[in-house]
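Listed below are the residues making up each chain.
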Amino acid sequence: MRSFALIAAIPAAFLLAACESTNTNLDPMLVTDTIELVTPTANSTLPTAVDITALARVIVGGRYPEELNDAGEWDFALRRVGSELQFVPAGKIGVFDLGGLSRAGITEPLNGRSFESVTQAPKQNTFITDRGVPVRVGEVYAARSRLVLCGPSAVEQYAKLQPLEVDAAAQRVRFRLVTNSRCADQRLSEED
């Protein structure tokens with residue numbers, strides 16, 4: 001019985017090792033996409049929220065929170081607040097993930113940073129989970145997903161994004177997104 005437990009533990013150890021964020025022996029698996037979102041009041045068929053995860057090396061992308069299949073499977077939504085558009089984390093709207101209220105978060109714009117210069121997700125206390133963040137064209141943001149199953153663990157994934165177009169009148173945003181598909185890996189660039 002003891003040898004069976006040892007044999008069963010070996011594959012689990014490999015899975016856990018692949019999910020370690022501190023293992024820099026493995027290259028990050030960066031996935032890039034361009035996403036377009038609208039607010040729920042935009043009278044459009046485009047998605048109103050985004051799932052930044054890329055567990056299968058493909059960013060899930062646009063989600064429709066009001067549909068049963070997408071309910072709770074997203075990280076932040078686009079909302080109009082006054083005259084501005086905001087990225088609003090799922091937890092602010094009351095969405096739960098595997099660990100309770102969603103931990104999905106987004107930073108304020110990373111002032112003075114280019115998209116390429118953001119090579120690592122910032123400290124955990126930088127991610128905003130309790131309010132919306134104004135969307136500004138050309139600015140760069142870091143994002144943290146909700147808890148998702150990644151191998152035997154529930155972890156977050158990290159991303160960076162940059163709005164390419166912000167149309168407040170049409171209540172629409174188009175942005176580029178890079179997500180690290182490796183479990184809990186905070187690196188956002190292939191450079192060391």
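About the criteria used
- Residues numbered from 1 in each chain as written.
- Predicted model: local features only at pLDDT ≥ 70, side-chain atom pairs only at ≥ 80, totals over all residues.
- Heavy atoms only, no water.
- Helix = DSSP H or I, 4+ residues; strand = E, 2+ residues; numbered from the N terminus.
- Buried < 20%, exposed > 50% of the residue type's maximum accessible area, 1.4 Å probe, protein only.
- Contact = heavy atoms within 4.5 Å.
- Disulfide = S-S within 2.5 Å.
- Core = buried A, V, L, I, M, F, W, Y, C linked by side-chain atoms within 4.5 Å.
- Pairing = 2+ DSSP bridges.
- pLDDT = per-residue confidence, 0-100.

**A short note on the overall build of the protein chain**
The helix and strand inventory of the protein chain stands at one helix and 14 strands. Residues classed as buried in the protein chain amount to 46% of the 192 residues present. Counting only contacts in the protein chain whose residues sit at least 6 apart along the sequence, the fraction spanning at least 24 positions is 61%.

**Section: the state of the cysteines**
With the rule as written, the count across this model stands at one disulfide. Two residues, Cys150 and Cys183, share a disulfide whose sulfurs are 1.6 Å apart. Residues Cys150 and Cys183 share a disulfide whose torsion about the S-S bond is about -70 degrees; that sign makes it left-handed. Within this pair, whereas Cys150 is found in strand E11 (residues 148–150), its partner Cys183 is found in the segment after strand E14 (172–180), the two being separated by 33 residues in sequence. For Cys183, a relative accessible area of 8% gives the class buried.

**Things to note about the nonpolar core**
In terms of nonpolar packing, the biggest core is built from 22 residues, with Phe76, Phe87, Leu161, Phe175 and Leu177 touching the most fellow members. Of all the elements in the fold, those that place two or more residues in this core are strand E1 (30–38), strand E4 (76–81), strand E5 (84–89), strand E10 (141–144), strand E13 (158–167) and E14. Setting aside its immediate chain neighbours within four residues, Leu161 contacts Phe76, Phe87, Ile106, Phe115, Glu139, Val140, Tyr141, Ala143, Phe175, Arg176 and Leu177. Membership of the second largest hydrophobic core comes to 10 residues, among which are Leu110, Ala121, Ala142 and Leu188.

**Examining the sheet that holds E14**
Taken in spatial order, the five strands line up as E1-E14-E13-E10-E8 in an open sheet, and their pairing is antiparallel. Each edge of the open sheet carries a strand with a single partner, namely E1 and strand E8 (105–106). Pairing between E10 and E13: four bridges, direction antiparallel. By the bridge assignment, Tyr141 is partnered in E13 with Leu161.

**A short note on the pairing of E13**
By the bridge criterion, eight bridges tie E13 to E14 in an arrangement that is antiparallel. Looking across to E14, one finds that Ala159 is bridged to Thr179. Here E13 hands over to E14 after four residues, with Gln171 in that stretch at a positive phi of 55 degrees.

**Observations regarding unusual backbone geometry**
Positive phi, close to 55 degrees, is recorded for Asn43, a residue that is not glycine. Using a relative accessible area of 77% as the deciding quantity, one classes Asn43 as exposed.

**Some points on the confidence of the model for the protein chain**
When the pLDDT values of the protein chain are averaged, the result is 89; 87% of them are 70 or greater. Under a pLDDT of 50 for its full length, residues 1–22 has, in the predicted model, 12 contacts with residues more than four places off or in other chains.

**A closer look at the sheet that holds strand E3 (residues 61–63)**
Read across the open sheet, the five strands follow the order E3-E2-E4-E5-E9; overall the sheet is antiparallel. Two strands bound the open sheet, and with one partner strand each, they are E3 and strand E9 (133–134). Pairing between E4 and E5: six bridges, direction antiparallel. Among the inter-strand pairings, Arg80 is bridged to a residue of E5, identified as Leu85.

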